[in-house]
Structures are given as C-alpha cells and as structure tokens.
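What the coordinates show
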Protein chains: 2
Amino acid sequence: MGPGPSNVPSRVLQAMSTPLIGHLDPAFIEIMKETQDLLRYAFRTENRWTIPVSGTGSAAMEAAFTNLVEPGDVVLVPTNGYFGARMDSMARRAGGEVVYVHAPWGEPLDPDDVRAAFAMHRPAVFGFVHAETSTGALQPHVPDLTAIAHEHGALVIADTVTSLGGVELRVDEWEIDVAYSGGQKCLSCSPGASPLTLNETAFEKVRNRAETVRSWYLDVGLLESYWGDDRSYHHTAPITAIYGLREALRLVAEEGIEERWSRHLRIAGALKAGVQAMGLEMNADDEFWLPSLNAVRIPEGSDAKALCRHLLLTHGIEIAGGLGELAGKIIRIGCMGHSAQPRNVLALLPALGDGFARQGITLDVGAGLDAVSEALRAG
Amino acid sequence: MGPGPSNVPSRVLQAMSTPLIGHLDPAFIEIMKETQDLLRYAFRTENRWTIPVSGTGSAAMEAAFTNLVEPGDVVLVPTNGYFGARMDSMARRAGGEVVYVHAPWGEPLDPDDVRAAFAMHRPAVFGFVHAETSTGALQPHVPDLTAIAHEHGALVIADTVTSLGGVELRVDEWEIDVAYSGGQKCLSCSPGASPLTLNETAFEKVRNRAETVRSWYLDVGLLESYWGDDRSYHHTAPITAIYGLREALRLVAEEGIEERWSRHLRIAGALKAGVQAMGLEMNADDEFWLPSLNAVRIPEGSDAKALCRHLLLTHGIEIAGGLGELAGKIIRIGCMGHSAQPRNVLALLPALGDGFARQGITLDVGAGLDAVSEALRAG
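This one's a predicted model, so the numbers in the text were calculated from it and none came from an experiment. (Residues numbered from 1 in each chain as written. Chains lettered and ligands numbered in written order. Predicted model: local features only at pLDDT ≥ 70, side-chain atom pairs only at ≥ 80, totals over all residues.)

Points about the overall build of chain A
Filter applied, for reference: For the purposes of this entry, the term helix denotes a DSSP run of H or I that reaches at least four residues, the term strand denotes a run of E that reaches at least two, and both are numbered from the N terminus. Throughout, radius of gyration means the C-alpha value; the globule benchmark is 2.2 Å times the number of residues raised to the power 0.38. Residue pairs are scored as contacts if the distance between their C-beta atoms, which are placed from the backbone, is within 7 Å.
Along the backbone of chain A there are 13 helices and 13 strands. For 379 residues, the compact-globule formula gives about 21 Å, and the C-alpha radius of gyration of chain A, at 21 Å, lands near that figure. Here the contacts in chain A between residues at least 6 apart in sequence split such that 73% fall between residues at least 24 apart.

So, in structure tokens, the structure goes:
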C-alpha cells in the first residue's frame, strides 16, 4: 500500500515465469499486437502509436519529452510536485527552455494560471501531472487544460503514472496528445514495460524534427520499425515484462475499465472515511483527492519515517512518507490495482493505530474500522 | 539457438514469479548489493560502479555512450558490424564527432589500424565490440587495443553483450574503462536489467562533465544516489528483472566463470566440428571464431530466411540469418549460456539437414553427428 509497486496478482506473476521466445518470433508479434490493443483500451484511445516502452515509468516519461521537445522549444511544466520537477530536468536535457506554472505542493493547477502562463510564455509543449504520486493530488479540469494548450497550438504531455487503470482517464475524449504511465501502480504489474501513447499530431511533430532525437533507445521514429507494420529489429524487447504487462492488462479488460475506476473510488473512499474517523486529516481537498494515492496529514510531533518502518517490519505493510515540501508532514497510502481490496484497508487501520500509539499518539481505530465497514456497505 | 534470447533456466523463470517488494525496501537493498557483487564477479572487475541498467542491452549501451561522450568529443567506432553502427548513432546523439576504424564485416579490428586511427583522429573515446552478434566475430587482442587508447589518454567502451558469461572477458586485467552487456545472451536471463561497469577514470569523466548528460533516465551521476551508498530514490527499478538477473548470476557463480567459458568453448567447438563435417563452412577464421555466436556460410542458392522459418516452425529451433553485408550469406547459431548443451547441438544438426534438403541441398548429417560426438568425447 505504498506509492508503488502495488501487489501483483498471481496470474501476472505466473505469466512472468513463462519460457522466453524471441522478440522477432511470429508468436511474439501476436503478443505485441494484443498488448497494444489492451493498452489502447486502458488509455481510452484509438492512437495507432500506443506501445510499452522498454523500461520503467521514467523511461516512458523521458521518451515523451525527448521525442516531443526540440532544442529551443519553450516547455511549460508545473511546480506543484516532484514529477513536475522531473519534467523540468528531462525537458532541459532534450534542449528545451523551461517555464513554469505554479501551484502549491499538494494542490492541482488552476486553469486560469495555465491560461496566464500560456499568454506570457507561448510554450510549444505543456506537461502536467494527472495524478501526483508525491503529493496525492489529482488534476481535475483536464479538458480545460488541453483546450488552452490547443488554442495556442501547443502539444500536451500528461503524466498518468498513478492514474492509468485506477482513476478516470480518457486520452482521446480529453484531447491529450501524449500520455505515459508505469506498470507498477494501478495496473499491478511489475515495472519494466511502460505505457506510452501519442496521437497523430504528436507523432507528426516527432517525424518533422529538425534535429535527431537525443536518445537512440527511446527514439519513437526508430521504434516505429519494431512496433509499427514492419516488425523489424530495433532493440531486444523486455520479453518477460511484456508477458506480465499483457496479463495485467487482460485483468483490466476482464474487470472493465470503468468498473475498475469505480472500485478504486469505493475502496479508497472507505480508506479515506476510515482514517478520518480515526482522527486523521486528508491532505487533499475532496475536489482533487486522488483515490490511488492517499496523502494523510500526520499529527504534530509524529515521525513519519519511524512509522513507515514500523508498519513494514512489524505489520508487513508498505506505506511511504512525504517528499519535498511535504516530507515529514504526510504519509502516502497507495490504493492501487490489485491492492485496492477491502481486506487491505481493514488490515491497515489497526496497524496505523499501533504505529502511532508507539509514538504516544492515540487514534480511534474502532471508529475507523466502523467507518470503513459502513462506507463499503454503502458501496 | 538464435542470437538471443537464449533459453532461460527454470530457476530464473521461477525467480521472476516472486511477489514484488518495493524498490526502497531494506530487503531489496540486500538484493541490489548481491546483484552488484555477482556482476563484478562475472565481469572480472572490482569496479565500484557496476550496476544493472533498467532496460535491455541497448539501454546499457546508450548509458555508456551518453554519459562518456560530451558534445564535441571525437569518438572512434568500428565499421565491421551492426553494433559498431549503433555506437555511431548513439555517440552522435550524445553530441560526439564520430570517426572510424575499418575492418570488413565478419572480421575483427587490426591493432595497427586502431593505432593509425588514433594517430590521425586523436579520439577521446574509443568503442569496440568484443563479440559481434551480427557477424559472429570475436575481437582478439583486447589488451593491445586498450593500451593504444590509454597511450593517447582516451577511454575505452567495450560492447560485451554476447561475451559476458560465455567467452573469456577480464575487464580489470584488460584495462577496459567501460563495459556493457545484456541479460539474454550468455547469462540466459530475460532481457530487462542490463550489466554496466565503469572504472574510476570513466566515472571521473562523467563527474566532471561540462554539460548535463542528455538522458535523465540513464544519467550515471543520478543513478549513483540509488545504486551508491545513499540508496535513495531515483527511478523505480525493474524489480522482477533484477530478481531474474540475480538468479542467473548465481548460476554463473555456482558453475564458476572460467568453467563456464570452457563449457562454451567445448559445446560450440562440437557444434563447429559438426557443421563443418556436414559440409558447411564457418564464416570466421579460428583466430576470431566466437563460440557464443556461430556464423555459418550457407551454400550458393540457399534461402536463409526460409531455412530459419522452417527450423522454427517445424523443429521448434530458433536460429537467425545474417544482417547487413552478410544478409543472405550466413546463418547465425547461438550457443549461449543455458542453451549451450550437447542435446541442443545434437538436435540442431538433423534439423539443419532437413531444412537444407527442402531446398535441394544435401548435407552429410551422419558425419556431422559423428564429429559432434567425437568432439564432445575429446572434451
């Protein structure tokens, strides 16, 4: 129940022990096709250019920036969390000139601020974080943000690492040009093959670049030879990771993507009701509460690091502390994919109560468990 | 028995179905340490900077070039195979000015040519391919090559993708500054976490770069925070791939690295004797024959593509055709790691005989099998 990896279901673990076939084997080509179709389903997109990048989520993130950003491009990124700062670094390494739209850590971007930043800086690329893993804040108003960018002829890159497969995300309907994600969050897969999707406008920009992409490994134009119609060799695919991702995506399709979003809302809603009834406060307002990653404020005088360590070593439950401006002020409780189950929420609350009790802080675990049960019954 | 992935042993497959723990879990830190120690053993190095890169072999390759090459650096690369050309592309993307040392496809570099290229171009970085997967040629005289480079104050990057764990390789003794590899060749692991080692001189160059590394994901200076003493978060590691790599490296250590090199020589030697006795010719001279990847010339009028397809679909054996200048002229037969076993060689010869027979070419399979048996008995 940390910020990822979430628990991996046994079907996915089993899939990853499948004997290997070659990355150019006709049978593997079929697996590639199925994986791409399932990724399109999860992203809610028809984008032809939908692939698993051969690395963990940050590789898909860098693939987005290093392909979309050309030297000299003005790139607008947010300052409201850890992953906006990573966008900054990646965009600079791609040769971009980075400008900012501000919001406090733990809060989403305000569309008015995005509009003002566009008017001032005229960026060519705008990156935002749909679900900030570092703060537990969801970015609402996504269609408003993409509309502002498109009025200015800019392309939009969305970080959906902690939303894909867990929180409502509609790439095509919301007119997101590029989205990337990771396997180990709401898809409950092992990290190693990471979702990336580009629409035709974005791919056209990559195709028409004046300067070669700065990474060979992540060059989407080259990857087209392997993942496109040619199916010719570019680099060796992470075969086992793709076996795992395919199986994880099959589980998403079997459950149904909208049903999966509802499950996350329901289970995380019970978790939220529980910690509040125990006497703790959520860091995010309800408007931008992120079901997959629950940031909970900790009482003055408590030690987040010691708490997390106690939960891991004594209770076998992983949760995490805050990062950056929120370090020492919050704990982060994941409710992602296969981990989003009533039994995990019910096991967490007494463990949290025990952990805080060891720091001399008494919480009402009984009230918390009652609130969880009630929320689950209310459905 | 293709150019990789080789067959993965069941212990490694099982390791990859292990439930996940977090990439910052104290138990995972122990797994990281063990993996690094085992990598040092396989590379024959004491380099502190020895890590699995979070991607397949080409990611480790790009990590080597994008970190070592600064904009404006002259980079010397070979023209004798597919992977020299990839070095060229990666070095350019890192901002390097690429110059060449020539040798025909299928042959190694001549130290005299390397000396002449150094005198003419004064490169800062020299990349060479220890085991060319595209041609089946081994680069002998490695200590001669590194000595030439070091006389000129240059750093040496060695591609050991198809040699690590299968062919004699001594990173420290041979004074290689940077070496990278892949999991799916002689280590018989699934590709996804790829060996990279840098000595202090190379790491010093990275530390003193004037310009930031062009990739965030592969920036060795940033990776130090995770793989070095801090063990703090950089990016999510490919946990399952590291489980697999650790187990594969344990098998290397249990067998003994020198014993493993001997096994490859013995089994591939039997394969070579067999195909020669059948009436085929090896593409490489004995001096630069590569046991892990056997390039075999095919008779005039035969169709390599159809042959490979027949072996895969009818006999369940993967081999590959040639690339580049050798396309249509050779077949490539891997003898790597767990696949380097007598039974595989004995199964391959009749399948090859059948495949060629369908193209009207008669080979002496009986003589081939006799030669294999004799070679295996001779040991």
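Here's the deal with the interface of chain A and chain B
To keep it simple, the criterion reads: Throughout this entry, Asp, Glu, Lys and Arg are counted as charged residues, while Ala, Val, Leu, Ile, Met, Phe, Trp, Tyr, Cys and Pro are counted as nonpolar. The remaining residues, Gly among them, count as polar.
In this complex, chain A contributes 40 residues to the contact, which on the side of chain B involves 40 residues. Elements with a minimum of two residues in the side of chain A that touches chain B: helix H1 (10-15), helix H3 (57-68), helix H4 (82-93) and helix H9 (239-255) of chain A. Split by residue class, the side of chain A that touches chain B holds 14 nonpolar, 21 polar and five charged.

A few points about the sheet that holds strand E13 (residues 330-334) of chain A
Residue and element names in this part refer to chain A. The condition that has to hold: Strand pairing is assigned whenever DSSP detects at least two bridges linking the two strands. Between N-to-C directions, angles cover 0 to 180 degrees, with each direction set by a line fitted to C-alpha atoms, over the stretch in contact for helices.
Taking strand neighbours across the sheet as the criterion, the four strands line up as E10-E11-E13-E12 in an open arrangement whose pairing is antiparallel. For this open sheet the edge positions go to strand E10 (281-282) and strand E12 (320-321), each flanked by a neighbour on one side alone. Looking at chain direction, E10 and strand E11 (residues 293-297) are connected through two bridges and run antiparallel. Directly across from Glu 281, in E11, lies its bridge partner Arg 297. Running at roughly 5 degrees to E11, helix H10 (residues 257-278) makes contact with E10, E11 and E13 of the sheet.

Overview of the nonpolar core
Heads up, the rule is: One nonpolar core equals one set of buried Ala, Val, Leu, Ile, Met, Phe, Trp, Tyr and Cys residues connected by C-beta atoms within 7 Å. Buried, partly exposed and exposed are defined by the number of other C-beta atoms within 10 Å of a residue's own C-beta, namely 20 or more, between the two limits, and 12 or fewer respectively, with C-beta atoms placed from the backbone.
Core analysis: the largest hydrophobic core is formed by 259 residues, its most contacted members being Ala 64, Phe 65 and Ile 331 of chain A together with Ala 64, Phe 65 and Ile 331 of chain B. The leading source of residues in this core is helix H10 (residues 257-278) of chain B, at nine residues. Contacts of Ala 64 of chain A, omitting those with residues within four sequence positions, involve Ile 157, Val 178, Tyr 180 and Leu 196 of chain A.

Describing the pairing of strand E3 (residues 97-101) of chain A
In this sheet, E3 of chain A lies alongside strand E2 (residues 74-78) of chain A in parallel orientation, the contact comprising five bridges. Each bridged residue has a counterpart across the sheet, and for Val 77 of chain A the counterpart in E3 of chain A is Tyr 100 of chain A.

Comments concerning H10 of chain A
Residues and elements named next belong to chain A. Rules: The span you would expect from a helix comes to 1.5 Å times its residue count less one.
Taking 1.5 Å of rise per residue, the 22 residues of H10 would be expected to cover 32 Å, and the 32 Å separating its terminal C-alpha atoms lies within 8% of that figure. The set of residues buried in H10 consists of Arg 260, His 264, Ile 267, Ala 268, Ala 270, Leu 271, Lys 272, Ala 273, Gly 274, Val 275, Ala 277 and Met 278. Where the residues of H10 are buried, they touch H9, E10, E11, E13, helix H12 (342-357) and helix H13 (365-378). Of the residues one or two after H10, Gly 279 is the one with positive phi, at around 115 degrees.

Some details on the packing of helix H2 (residues 26-43) of chain A against H9 of chain A
All names here are of chain A. To keep things clear, this is the line we draw: Note on terminology: angles under 35 degrees are roughly parallel, angles over 145 are roughly antiparallel, angles of 65 to 115 are roughly perpendicular, and the others are oblique. Should the near helix be turned anticlockwise from the far one by less than a right angle, the crossing is left-handed, and should it be turned clockwise, the crossing is right-handed.
Orientation of H2 relative to H9, taken along the N-to-C sense of each, is 45 degrees, at an axis distance of 9 Å. The orientation of H2 with respect to H9, classified from their angle, is oblique. At the point where H2 passes H9, the crossing takes the left-handed sense. Across the interface between the two elements, Ile 31, Glu 34, Thr 35, Leu 38, Leu 39, Tyr 41 and Ala 42 of H2 pack against Ile 242, Leu 245, Arg 246, Leu 249, Arg 250, Val 252 and Ala 253 of H9.

Digging into the environment of Asp 112 of chain B
All names here are of chain B. Among the structural elements, Asp 112 can be located in helix H5 (residues 111-121). On the neighbour-count criterion, Asp 112 (10 C-beta atoms within 10 Å) is exposed. The spatial distance from the C-alpha of Asp 112 to the C-alpha of Lys 205 is 27 Å, given a sequence separation of 93 residues.

Here's the deal with the relation of the copies chain A and chain B
Defined as follows: Alignment of the copies relies on least squares applied to C-alpha atoms, considering only residues that score at least 70 for pLDDT in both.
Aligned on chain B, chain A shows an RMSD of 0.0 Å; the corresponding rotation is 180 degrees and the shift along the axis is 0.0 Å. Here the symmetry operator amounts to a two-fold rotation axis. Every residue of chain A has its C-alpha some distance from the rotation axis, and the shortest such distance is that of Gly 55 of chain A, at 2.4 Å. A high fraction, 100%, of the interface residues of chain A reappear at the interface in chain B, so the copies pair face to face through one surface.

A short note on the packing of helix H3 (residues 57-68) of chain B against helix H4 (residues 82-93) of chain B
Geometry of a packed helix pair, given as the angle between the helix axes and the separation of the axes. Residue and element names in this part refer to chain B. Between H3 and H4, the least distance of the axes is 9 Å, while the angle of their chain directions is 45 degrees. Between H3 and H4, the crossing angle belongs to the class labelled oblique. By crossing handedness, the relation of H3 to H4 is classed as right-handed. Contacts between H3 and H4 pair Met 61, Glu 62, Phe 65 and Thr 66 from the former with Arg 86, Met 87, Met 90 and Ala 91 from the latter. Of the residues contributing to the contact of H3 with H4, the split by class is five nonpolar, one polar and two charged.

Some remarks on the confidence of the model for chain A
For the record, the criterion: For every residue, the predictor assigns a confidence score, pLDDT, that lies between 0 and 100.
In the predicted model, chain A carries a mean pLDDT of 97, and 100% of its residues have values of at least 70. Under the prediction, the complex receives an ipTM of 0.96, its pTM being 0.97.

Describing the domain arrangement of chain A
Residues and elements named next belong to chain A. Our working definition: Segmentation of the chain into domains, including their bounds, is taken from an automatic or database domain assignment.
When cut into domains, chain A gives domain 1 (10-255) and domain 2 (257-378). Centre-to-centre, using C-alpha coordinates, domain 1 lies 28 Å away from domain 2. Looking at the side of domain 1 that touches domain 2, the elements with two or more residues in it are H2, strand E6 (137-138) and H9. Tallied by class, the residues present in the side of domain 1 that touches domain 2 amount to 13 nonpolar, ten polar and four charged.

Regarding the pairing of strand E7 (residues 155-159) of chain B
Residues and elements named next belong to chain B. The element E7 is extensively covered by neighbouring structure, given that five of its five residues are classed as buried. Covered by surrounding structure in E7 are Leu 155, Ile 157 and Asp 159 together with Val 156 and Ala 158, the residues of both alternating faces. Where strand E4 (residues 125-129) meets E7, five bridges bridge the pair, whose relative direction is parallel. Counted as the bridge partner of Val 125 is Leu 155 from E7. The pairing of E7 with strand E8 (residues 178-180) spans three bridges and is parallel. Of the residues in E8, the one forming a bridge with Ala 158 is Ala 179.

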